[in-house]
Amino acid sequence: MISATQVLKTDLVKAAAKIGKRAISSVVPKTDLEVTDFKVVNEPILGYMPGSSERVALEASLAKYSGECEDIPIIIGGKEYRTDNVQYQVMPHDHSKKIAKFYWATPELVHKGITTAMAAKADWERVPIDEKIQMFLRVSDQMADIYRADLNATTMLGQAKTMVQAEIDSACELIDFFRFNCFFAKELMKYQPISEDPSTTLNLLRYRALEGFIASVTPFNFTAIAGNLAYTPCVMGNVTLWKPSDTAILSNYLIYKIFRDAGFPDGVVNFLPSDGPVFGKTVTAHQDLAAVNFTGSVPTFQWLWKAVGENLQNF
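Residues numbered from 1 in each chain as written. Predicted model: local features only at pLDDT ≥ 70, side-chain atom pairs only at ≥ 80, totals over all residues. Heavy atoms only, no water.

Q: Residues and numbers for the overall build of the chain, please.
A: A tally of regular secondary structure across the chain gives 10 helices and 9 strands. Computed over C-alpha atoms, the radius of gyration of the chain comes to 21 Å, within 12% of the 20 Å expected from 2.2 N^0.38 for 315 residues, which places it in the range of a compact globule. Across its three principal axes, the chain shows a C-alpha extent of roughly 70 × 55 × 35 Å. The proportion of buried residues among the 315 residues of the chain is 45%. Residue pairs at least 24 apart in sequence account for 79% of intrachain contacts in the chain once pairs closer than 6 positions are excluded. Of the roughly 15500 Å² that the chain leaves accessible, carbon and sulfur atoms contribute 58%. Considering the chain, the positive charge centre built from 31 side chains and the negative charge centre built from 35 side chains are found 5 Å apart. (Helix = DSSP H or I, 4+ residues; strand = E, 2+ residues; numbered from the N terminus. Rg over C-alpha atoms; globule rule 2.2 N^0.38 Å. Buried < 20%, exposed > 50% of the residue type's maximum accessible area, 1.4 Å probe, protein only. Contact = heavy atoms within 4.5 Å. Areas by Shrake-Rupley, 256 points an atom, 1.4 Å probe, with all protein chains shown as cover. Lys, Arg positive; Asp, Glu negative; His and termini not counted. Charge placed at Lys NZ, Arg CZ, Asp CG, Glu CD.)

Q: Mind laying out the pattern of salt bridges, listing which residues take part and the relevant values?
A: By the definition in use, this model includes 16 salt bridges. Salt-bridge contacts for D71 lead to R82; the nearest nitrogen and oxygen are separated by 2.6 Å. Pair noted here: D71 is in strand β1 (residues 70–72) and R82 is in the loop between β3 (79–81) and β4 (86–91), with a separation of 11 residues, a long-range link. Residue class for D71 comes out partly exposed when judged on its relative accessible area of 31%. Assessed through its relative accessible area of 42%, R82 is described here as partly exposed. Among the ionic pairs, D169 bridges to K161, the shortest N-O distance being 2.9 Å. By relative accessible area, K161 is classed as buried at 14%. Members of the salt-bridge network, linked through shared partners, are E43, D141, R148, E167 and R179. (Salt bridge = Lys/Arg side-chain N within 4 Å of Asp/Glu carboxyl O.)

Q: Outline the packing of helix α5 (residues 148–159) against helix α8 (residues 249–261), listing residues and values.
A: Between α5 and α8, the shortest axis-to-axis distance is 8 Å and the interhelical angle comes to 155°. Compared by their axis directions, α5 and α8 come out roughly antiparallel. Counted together, D150, L151, T154, T155 and Q159 of α5 and L250, S251, L254, I255 and I258 of α8 form the full contact between these two elements. Taken together, the residues of the contact of α5 with α8 break down into 5 nonpolar, 4 polar and 1 charged. (Axes fitted to C-alpha atoms, helices over the stretch in contact; angles between N-to-C directions. Parallel < 35°, antiparallel > 145°, perpendicular 65-115°, else oblique. Nonpolar A, V, L, I, M, F, W, Y, C, P; charged D, E, K, R; others polar.)

Q: Describe in detail helix α3 (residues 107–126), supporting the description with residues and values.
A: Counting along an α-helix, one turn takes 3.6 residues, and residues three or four places apart therefore face a common direction. Between its terminal C-alpha atoms α3 stretches 30 Å, which fits the 28 Å expected from 20 residues at 1.5 Å a residue. Of all the bends in α3, the greatest, near 30°, is centred on A120. All of the buried residues in α3 are L109, V110, G113, I114, A117, A120, K121, W124 and E125. (Expected span 1.5 Å × (residues − 1). Bend = angle between axes of the 7 residues up to and from the residue.)

Q: Now, about the sheet that holds β4: what can you tell me, with residues and values included?
A: Strand order in the open sheet made by the 3 strands is β1-β5-β4, with mixed pairing throughout. Looking along the sheet, the strands with just one partner apiece sit at the ends: β1 and β4. Recorded for the sheet is a direction-independent mean angle of 35° between the axes of neighbouring strands. Pairing geometry for β1 and strand β5 (residues 94–103), over 3 bridges, is parallel. Paired with D71 across the two strands is K101, which belongs to β5. Contacting β1, β4 and β5, α8 crosses the sheet at an angle of about 70° to β1. (Pairing = 2+ DSSP bridges.)

Q: Let's hear about the packing of aromatic side chains: which residues, and what values?
A: The tally for this structure, following the rule as stated, stands at 17 aromatic pairs. Here Y256 and F271 contribute two aromatic rings whose centre-to-centre distance is 5.8 Å and whose plane-to-plane angle is 45°, an arrangement assigned as tilted. Here the residue Y256 occupies a position in helix α8, and F271 occupies one in strand β8 (residues 269–271), the gap between them amounting to 15 residues. Overall, the relative accessible area of 4% leaves Y256 in the buried class. A connected cluster of aromatic rings, assembled from ring pairs, spans W124, F136, F178, Y231, W242, Y253, Y256, F259, F264 and F271. A cation over an aromatic ring shows up here: K98 above the ring of Y88, its NZ or CZ 4.0 Å from the ring centre. (Phe/Tyr/Trp six-rings, centres within 6.5 Å; stacked < 30°, edge-to-face > 60°. Lys NZ or Arg CZ within 6 Å of the ring centre and 35° of its normal.)

Q: Kindly report on empty space enclosed by the protein, identifying the contributing residues and their values.
A: Take a probe with the size of a water molecule and roll it over the atoms, and the empty space left behind shows itself. Enumeration according to the criterion identifies 1 cavity of 30 Å³ or more in this entry. Of the pockets and cavities examined, the largest cavity occupies roughly 60 Å³. What lines the largest cavity is simply Y231, Y256, F259, R260, F264, P265, D266, G267 and V269. Examining the composition of the lining of the largest cavity, we find that 3 residues originate from one element, α8, more than from any other. Taken together, the residues of the lining of the largest cavity sort by class into 6 nonpolar, 1 polar and 2 charged. (1 Å grid on protein atoms, 1.4 Å probe; cavity = no way out; pocket = protein on both sides within 12 Å on 5 of 7 lines; lining within 4 Å. Points joined across faces, edges and corners; volume = space filled by probe spheres on them.)

Q: Talk me through the side chain of E43; I want residue IDs and the actual numbers.
A: Locating E43 in the fold gives a position in the loop between α1 (4–19) and α2 (53–66). Leave out the neighbours within four places in its chain, and E43 touches A144, R148, C172, I175, D176 and R179.

The following block contains the structure:
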């Protein structure tokens, strides 16, 4: 029988280990809490009338992506990996056309993703939240402009959406997710606790990242939800392992590349196409799992919920 003293010692050891993983101290300059004010509105839905500039751009992107099969690697810490477990994404409306070749990660690569994410978190947490928000807003502007046609084309070809369905999802909703969640983060920072005499004692409230990494398991049917689940936690200093759906991997990989090319730090989001059980068993058994960000089927949700519950004593 385990005594209460033994349990207490074990808990203290675990707590001490986690304290050592904190990337930022409990003392923070006030400037790190200051966020540039801004307003947001919903991204307008474009009409795509015949001859319009957005329709011409979309038709060009459709021709580009439908005429090739993009090679999509596993990406951990900015480095590309490929395994012998090769998979393909085909057009749902034309199974003879392959649009993406990708690779399932091994358990060892998933573990490497966790280690890499936790290492990247140290620097990412130190970045002031205003800088994080400004980066997300820049990416949102690029998605609304130079990447709009590509986001819609990859969603139409890979997830069989119409022009209007893709515009609402992979352009407008995705952009709105990032802009509005940045807005909500900015609004959170406005509240600070009362300091009766700031010249003597200044009380400050800071929102910290979760203790560990987030596993983002994203769905096939909404490009916007996939990008949101993988990237939005990073606004608050979190790091993620992104398992995209096999049947949405082309559009999801494009989102990853957009953030990468915008200067998003390597290792903060790690792109890990995987067999579901391989990814799920590896992340739910790891002591540094902080959260599972999930949208998908009820059976998959129940499996993840059960697996997390069975490993609670390890976290």
